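An overview of the molecular structure
Listed below are the residues making up each chain.
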Amino acid sequence: MLFLSVLVAQSCKKYAKDVERPRIVVGIVVDQMRWDYLYRYYNLYGEDGFKRLLKGGYNCQNTMISYLPSFTAPGHSGIYTGSVPAISGIAANNWIEQETGKPTYCVDDPTVHLEGDKANAPSMSPKNLLVTTITDELKLATNQKSKVYGVAVKDRGSILPAGHLANAAYWYDDRTGNFTTSSYYPNRNPKWLQQFNSHRSGDSMVKEGWNLLRDASVYDQSTTDGVVYEKAFKGEKAPTFPHDFKSLPDSDRYQILNSVPAGNTFTFMMAKASMTGEKMGKGGVT
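It should be emphasised that the depicted structure is a prediction, and the values quoted were computed from it without experimental measurement. (Residues numbered from 1 in each chain as written. Predicted model: local features only at pLDDT ≥ 70, side-chain atom pairs only at ≥ 80, totals over all residues. Heavy atoms only, no water.)

1. Quick look at the nonpolar core
One finds Tyr170 and Phe179 to be the most contacted residues of the largest nonpolar core, which totals 40 residues. Elements with a minimum of two residues in this core: helix H6 (155-162), strand E8 (168-173), helix H7 (191-198), helix H8 (201-207), helix H9 (250-256) and helix H10 (261-277). If one sorts the elements of this core by residue count, E8 sits on top with 5 residues. In this structure, Met33, Leu38, Tyr41 and Tyr45 belong to the second largest nonpolar core, which totals 5 residues. (Core = buried A, V, L, I, M, F, W, Y, C linked by side-chain atoms within 4.5 Å. Buried < 20%, exposed > 50% of the residue type's maximum accessible area, 1.4 Å probe, protein only. Helix = DSSP H or I, 4+ residues; strand = E, 2+ residues; numbered from the N terminus.)

Take a look at the structure:
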């Protein structure tokens, strides 16, 4: 299940009589967040996060998923296209192509390669998405003048929402600890991205480990620490707090970033870097 919030910053510039266009639209999708979590954990949220959205925004409560299974890729494509898997072509994260009998990953594209990969190994694109996204329609409506960027830890989480016409979609490469993209996109390796990756912020955050933000007694709506279905991180004997990753080699820490809150923070930092680096919201179009 996915939770979606949309933040809109209005612009003073008018493109047509009595019509104001939003300066920036930011779509945020939280994977596996059920709708009731907004209220179940309400007292633990900060004032500038979900509480702000609930108090100052609109909350659509009567929503349902009209397809199964509710994997990540169909969810992202459903939100940003308004379509269903039978039409969008994104039936799951992975499937078997009926025509060839070969296993296919939702954003596989053998015609493109990973940026900076000397071996030119096949990489990712929105090729398998058969319909347009709202981001595609924005690009079409502005004669390609709008800027569209996707940022996520997972490749499919950035590629599918960004659509076919995006300037770029960036995702986290757990082999290098950097955000990367593929040769499909025109803006593959801008200077601001090189600078962001050079700071190695993700490394620093993982080295800090993972501990509870508040006292354990506050989390009375959560299960006990270390239940049977949890898996311990590499180098740990049990999946319990606090988690210490200092002794792990870099390659193991890169992979851990996918599974700890630092991954969300790192993604947010990357999104802000893209907005600043590309001067988004300052070009006269949405």
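2. Focus on the sheet that holds E8
The strand order across the open sheet built from 3 strands is E7-E8-E9, with neighbouring strands paired in mixed fashion. Either end of the sheet is taken by a strand with one partner, and the two such strands are strand E7 (149-152) and strand E9 (178-180). Ignoring which end each strand starts from, the neighbouring axes of this sheet average 25° apart. Pairing of E7 with E8 involves 4 bridges; the strand directions are parallel. (Pairing = 2+ DSSP bridges. Axes fitted to C-alpha atoms, helices over the stretch in contact; angles between N-to-C directions.)

3. Structural notes on the confidence of the model for the protein
Put simply, the protein has an average pLDDT of 90, and 94% of its residues get 70 or more. Per-element confidence in the protein ranges from a low mean pLDDT of 54 for strand E1 (residues 2-16) to a high of 98 for E7. (pLDDT = per-residue confidence, 0-100.)

4. Examining the pattern of salt bridges
As enumerated under the stated definition, the model contains 9 salt bridges in all. Across the salt bridge formed by Arg34 and Asp36, the nearest N and O atoms sit 2.9 Å from each other. Owing to a relative accessible area of 24%, Asp36 belongs among the partly exposed residues under this scheme. In this structure, Arg253 engages Asp250 in a salt bridge whose closest nitrogen and oxygen atoms are separated by 2.3 Å. Here Asp250 and Arg253 lie together in helix H9, a separation of 3 residues that amounts to about one turn. (Salt bridge = Lys/Arg side-chain N within 4 Å of Asp/Glu carboxyl O.)

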